[in-house]
Amino acid sequence: MEIYDHPTFQMACRQFDLVADRLEIPETERDRIKYPKRSLTVAVPIRLDDGSVRVFSGYRVQHHLTLGPTKGGLRYHPGVTLGEVAALAMWMSWKCALTGLPYGGAKGGITCDPGAMSGTELEHLTRRYTQEMIPFIGPQVDVMAPDLGTNEQIMAWMMDTYSMHVGYSVPSIVTGKPVGLGGSLGRREATGRGVGYLVNRATDALGLDMSKTTVAVQGFGNVGSVAAWSLARYGAGIVAVSDVRGGIYNPKGLDLRAVEKFVAENKTVVGFPEAEPVSNEQLLELPCDILVPAALERQITETNAGRIRCRILAEAANGPTTPEADLILDQRPEVFIIPDVLCNAGGVVVSYFEWVQDLQSFFWGETEVVDKLFRILENAWSQILALSRKQNIPMRQAALSLGIKRVREAKRIRGLFP
Ligand code: NAD
């Protein structure tokens, strides 16, 4: 599948192959499980505020359709490519399967720099992309959600564009919408909250006292900031956070409320007065108990894997650790990994709740959402931990095995059409 050629796609394939080897999946069966079912690339022309017209590249990849509609985020970032989106779609498939959701994985993206665009330009971009995607999406076909660089407002524009096209309101076309439009209570917080829950379970398993732990978070966006708050509520001290411009570090602990106020005023954590500056690379190597990469893929590589100093690596981002880094970390049993497909699954779980609520036009309270979220995460966590311990395999292998096995089994039962 040369069209997907990209280091992140190769990484996702490599992870799949390792698990397929262990599960002894015959070569003849592998390609059907591994490669995306279909993808759409669109040119998205919009008029910019200065009157000129610019064409952006947009993508959507649907990894498999065996278990239901596909589900996955939409990313706005300058580095977005078809191959990156395909890798993220593949990971979504394993994530949905290991949490028992009736979805295949998908991902979308537009190659753009949302920070350099005005609100009007972003709205035009989002609406035109949604229009181009109409033959490819639908509440029973493919449902989008926020990811890096996108948010509730973007989802609201998508929902409106789709609804205007069909002629009636279709809230179930996207998740992660504002609550006032059919969004779910607790969706915005779900991914970070899930990270907090799973780290707490990991500290239990390792016999660590959460109130004595320190945390460094790379990427103080939606997921990273909520994860930081969630971990702080469990008693941990947040010592470092960062964003695309750089990071801040205070070994005595950061006042999260003050950091958030600073970010609201300055749009970055850089320059926060009660801390010393660190680069994103330095942040990953700081002494801490819990390291939370919550930004981009391929941050922990063969170069720095030997130098990270945490007890728990909680992968809030998708694909933050390369397979080469995994080989090094496999030799460092003192570092316990909560792999991405489990660690950040809280987001898609509550997206699923939002979709169910929209389809039924019957909405739940936040306590119900959080309770159901934690039950699903607990179930996945205990199965993966048990498998990892029983077979003496890394947590990532255990998590991916569970997801891949379920997709494989579903394909086997359905058979091959025609
Ligand atoms: P976001 O746009 O809200 O935040 C991203 C943060 O990362 C920002 O602070 C940004 O400045 C920072 N960042 C960007 N480039 C960086 C770089 N090169 N180095 C360091 N920091 C950088 O995005 P988000 O929704 O919080 O997503 C973060 C990660 O979590 C992504 O990997 C995404 O795929 C994953 N994820 C998100 C969700 C969700 O529900 N939003 C669910 C599952 C996984």
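Residues numbered from 1 in each chain as written. Predicted model: local features only at pLDDT ≥ 70, side-chain atom pairs only at ≥ 80, totals over all residues. Heavy atoms only, no water.

Participant: Looking at this structure, I do not really get empty space enclosed by the protein. What am I missing?
Facilitator: Over the atoms a probe the size of a water molecule is rolled, and this reveals where empty space is left. Counted according to the given criterion, the structure contains one cavity of 30 Å³ or more. The computed volume of the largest cavity comes to approximately 30 Å³. Thr130, Ile137, Met144, Met158, Tyr162, Ile173 and Val174 are the residues that line the largest cavity. Taken together, the residues that form the lining of the largest cavity break down as six nonpolar, one polar and no charged. (1 Å grid on protein atoms, 1.4 Å probe; cavity = no way out; pocket = protein on both sides within 12 Å on 5 of 7 lines; lining within 4 Å. Points joined across faces, edges and corners; volume = space filled by probe spheres on them. Nonpolar A, V, L, I, M, F, W, Y, C, P; charged D, E, K, R; others polar.)

Participant: Just checking my understanding: could you explain the site of the ligand for this structure?
Facilitator: Close to the ligand lie 22 residues, the nearest being Asp147, Thr191, Val223, Ala295 and Asn318. Considered on its own, the ligand offers 830 Å² of accessible surface; in the complex 86% of this is hidden by protein. Elements with a minimum of two residues in the shell around the ligand: helix H6 (187–206) and helix H7 (222–233). (Near = heavy atom within 4 Å. Areas by Shrake-Rupley, 256 points an atom, 1.4 Å probe, with all protein chains shown as cover. Helix = DSSP H or I, 4+ residues; strand = E, 2+ residues; numbered from the N terminus.)

Participant: What's the story with the sheet that holds strand S9 (residues 276–278) in this structure? I'm lost.
Facilitator: Think of a sheet as strands paired side by side through backbone hydrogen bonds, with each pair either parallel or antiparallel. One open sheet holds the seven strands; their spatial order is S9-S8-S7-S6-S10-S11-S12, and the pairing between them is mixed. The sheet is open, and its two borders are formed by S9 and strand S12 (336–338), each paired with just one other strand. Averaged over neighbouring strand pairs, the angle between their axes works out to 20° when direction is ignored. (Pairing = 2+ DSSP bridges. Axes fitted to C-alpha atoms, helices over the stretch in contact; angles between N-to-C directions.)

Participant: Quick question: what am I supposed to make of the packing of aromatic side chains here?
Facilitator: The relation between two aromatic rings is expressed through the spacing of the ring centres and the mutual angle of the planes. This structure, assessed with the given rule, holds eleven aromatic pairs. Counting every residue linked through ring pairs, the aromatic cluster contains Tyr103, Tyr352, Phe353, Trp355 and Trp364. Taking the ring centre of Trp364 as reference, the NZ or CZ of Lys372 above it sits at 4.7 Å. (Phe/Tyr/Trp six-rings, centres within 6.5 Å; stacked < 30°, edge-to-face > 60°. Lys NZ or Arg CZ within 6 Å of the ring centre and 35° of its normal.)

Participant: Would you take a moment to explain the sheet that holds strand S5 (residues 142–146) for this structure?
Facilitator: The five strands lie next to each other as S1-S2-S4-S3-S5, forming an open sheet whose pairing is mixed. Since the sheet does not close on itself, it has two edges, and those belong to strand S1 (38–47) and S5, each with one partner. Averaged over all pairs of adjacent strands, the angle between strand axes in this sheet comes to 25°, irrespective of strand direction. In terms of strand pairing, strand S3 (residues 70–77) meets S5 through five bridges, oriented parallel.

Participant: Even after reading the chapter, I still don't get the nonpolar core, so can you show me in this structure?
Facilitator: As a rule of thumb, nonpolar side chains are buried together in soluble globular proteins. Ranked by internal contacts, the top residues of the largest apolar core, which has 90 residues, are Trp94, Val241, Val292, Ile338 and Leu342. The element best represented in this core is helix H3 (residues 82–98), accounting for 13 residues. When residues no more than four places from it in sequence are discounted, the contact partners of Val292 are Val195, Val215, Ala216, Val217, Gln218, Leu231, Ala314 and Ala316. Formed by 27 residues, the second largest nonpolar core is a distinct cluster that contains Val42, Leu48, Cys112 and Val174. (Core = buried A, V, L, I, M, F, W, Y, C linked by side-chain atoms within 4.5 Å. Buried < 20%, exposed > 50% of the residue type's maximum accessible area, 1.4 Å probe, protein only. Contact = heavy atoms within 4.5 Å.)

Participant: Can you help me understand unusual backbone geometry in this one?
Facilitator: Most peptide bonds adopt trans geometry, and most residues besides glycine take a negative phi value. A cis geometry characterises the amide bond from Phe417 onward to Pro418, with omega recorded as 5°. Phi is positive for Glu24, which is not a glycine, with a value near 55°. When you line up the elements, Glu24 lands in the loop between helix H1 (7–22) and helix H2 (27–34).

Participant: Sorry if this is basic, but what is going on with the pairing of strand S4 (residues 104–111) here?
Facilitator: Remark: a regular strand shows side chains that alternate across the two faces of the sheet. Most of S4 sits out of view: seven of its eight residues are buried. Both strand S2 (residues 53–62) and S4 contribute to a ladder of five bridges, which runs antiparallel. Note on S4: the bridge partner recorded for Arg60 is Gly108. By the bridge criterion, six bridges tie S3 to S4 in an arrangement that is parallel. Along S4, the bridge assignment pairs Leu74 with Gly108. For the crossover that starts at S3, traverses H3 and ends in the parallel S4, the hand is right-handed. (Right-handed = clockwise from strand over helix to strand, strands pointing away.)

Participant: Teacher, can you tell me more about the packing of helix H13 (residues 366–391) against helix H14 (residues 395–414) here?
Facilitator: In a packed pair of helices, the relevant descriptors are the angle between the two axes and the axis-to-axis distance. Remark: H13 packs on H14, axes separated minimally by 8 Å, with the N-to-C direction vectors making an angle of 115°. Considering how the two elements wind past one another, H13 and H14 form a crossing that is right-handed. Across the interface between the two elements, Trp381, Gln383, Ile384, Leu385, Leu387 and Ser388 of H13 pack against Met395, Ala398, Ala399, Ser401, Leu402 and Arg406 of H14. Of the residues in the contact of H13 with H14, the class split is eight nonpolar, three polar and one charged. (Left-handed = near helix turned anticlockwise from the far one by under 90°.)

Participant: In this structure, what is going on with the packing of H6 against H7? I would like to understand it.
Facilitator: At a minimum axis separation of 7 Å, H6 and H7 run at an interaxial angle of 45°. In terms of their interaxial angle, H6 and H7 are classed as oblique. Between H6 and H7 lies a crossing whose hand is right-handed. Only Asn222, Val223, Val226, Ala227, Ser230 and Leu231 of H7 make contact with H6, whose side of the interface consists of Arg188, Glu189, Thr191, Gly192, Arg193, Val195, Gly196, Tyr197 and Val199. (Parallel < 35°, antiparallel > 145°, perpendicular 65-115°, else oblique.)

Participant: Can you help me understand helix H12 (residues 346–360) in this one?
Facilitator: Two residues of an α-helix separated by three or four positions point the same way, owing to the 3.6 residues in each turn. Between its first and last C-alpha, H12 extends 21 Å over 15 residues, near the 21 Å set by a 1.5 Å rise per residue. Most of H12 is tucked away, with twelve of its 15 residues classed as buried. Those residues of H12 that sit buried are Gly346, Gly347, Val348, Val349, Val350, Ser351, Phe353, Glu354, Trp355, Val356, Gln357 and Asp358. Check the buried side of H12 and you find it contacts S3, H3, S5, H6 and H13. Ser361 sits one or two residues past H12 and shows a positive phi near 50°. (Expected span 1.5 Å × (residues − 1).)

Participant: Would you take a moment to explain the pattern of salt bridges for this structure?
Facilitator: Side-chain pairs of opposite charge can arise where the charged atoms are in close proximity. What the rule picks out here adds up to 29 salt bridges. Note that Asp147 and Arg75 form a salt bridge whose closest N and O atoms lie 2.7 Å from each other. With Asp147 in the loop between S5 and helix H5 (152–166) and Arg75 in strand S3, the pair connects residues that are 72 residues apart, well separated along the chain. You'll find Asp147 and Arg75 in the same group, each marked buried. What you see here is one network of salt bridges that share partners, running through Arg75, Glu84, Lys107, Asp147 and Glu297. (Salt bridge = Lys/Arg side-chain N within 4 Å of Asp/Glu carboxyl O.)

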